Amino acid sequence: PPRGPDNDQQEDAARHLEALEALRGEISAAGETEDEAVVRIAIARIQHGMGRTAESQANLDWVFANAADGRAGRIAHLTLAQRALEARDPDTARQRAGKVIESAPESEEAAQAHMLLGDMAYGDSDLDAMEEHFKAVVELAPDTAMAEAAKNALEFLERRRAREDD
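Residues numbered from 1 in each chain as written. Predicted model: local features only at pLDDT ≥ 70, side-chain atom pairs only at ≥ 80, totals over all residues. Heavy atoms only, no water.

## What to know about the packing of helix H6 (residues 108-123) against helix H7 (residues 127-140)
Item 1. The N-to-C vectors of H6 and H7 enclose an angle of 155 degrees; their axes lie 8 Å apart at closest approach. Taken as axis vectors, H6 and H7 run roughly antiparallel relative to one another. Considering how the two elements wind past one another, H6 and H7 form a crossing that is left-handed. Of the residues in H7, those touching H6 at Ala110, Ala111, His114, Met115, Leu117, Gly118, Asp119, Ala121 and Tyr122 are Ala129, Met130, His133, Phe134, Ala136, Val137 and Leu140.
Item 2. For the contact of H6 with H7, the per-class residue count stands at twelve nonpolar, three polar and one charged. (Axes fitted to C-alpha atoms, helices over the stretch in contact; angles between N-to-C directions. Helix = DSSP H or I, 4+ residues; strand = E, 2+ residues; numbered from the N terminus. Parallel < 35°, antiparallel > 145°, perpendicular 65-115°, else oblique. Left-handed = near helix turned anticlockwise from the far one by under 90°. Contact = heavy atoms within 4.5 Å. Nonpolar A, V, L, I, M, F, W, Y, C, P; charged D, E, K, R; others polar.)

Printed below as a string of structure tokens:
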């Protein structure tokens, strides 16, 4: 069959999936639950991209059953928040992102959740919420590309408000 970008991407995804499954097996054998959960999330993301939704969900279910209270649980919530946005379900996206912030308000994952919520607030023209969430990103993850994006959004907001005041 002819080779093209779609075939190459599928083959790349399959190779990554195979390598991650092997890594997951090694970590599982070592009894490292949190590490296994993080690898399972990576596997779930690849499976989702390949259209293997049931397998992807099974991996995320494992994370919630075995490592929901740690970093892996927060990453899984962020993954599902992003999927909810893709499915045009902003309420679920907000709920998942809120769980991340509630469970570990000072974490890197909380900064990511604030970024997601700030983007959503911008889309909803809720400028006060946008400002709140982007300020949180800058505070929680100051030296990141995410913080730079949040700062740019805050500068845009400031310029917009200044024009409205004129």
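Here the narrative resumes, following the displayed structure.
## Regarding the packing of aromatic side chains
Given two aromatic rings, one states the distance between the centres and the angle between the planes to describe the pair.
Item 1. By the definition in use, this model includes one aromatic pair.
Item 2. For the pair tyrosine 122 and phenylalanine 156, a centre-to-centre distance of 5.9 Å together with 75 degrees between the ring planes defines the contact as edge-to-face. Highlighted residues: tyrosine 122 in helix H6 and phenylalanine 156 in helix H8 (residues 145-165), separated in sequence by 34 residues.
Item 3. Taking the relative accessible area as the measure of exposure, tyrosine 122 reaches 44% and is therefore partly exposed.
Item 4. Among the residues examined, phenylalanine 156 registers a relative accessible area of 26% and is labelled partly exposed.
Item 5. The ring of tryptophan 62 has arginine 40 lying over it, and the distance from NZ or CZ to the ring centre is 4.3 Å. (Phe/Tyr/Trp six-rings, centres within 6.5 Å; stacked < 30°, edge-to-face > 60°. Buried < 20%, exposed > 50% of the residue type's maximum accessible area, 1.4 Å probe, protein only. Lys NZ or Arg CZ within 6 Å of the ring centre and 35° of its normal.)

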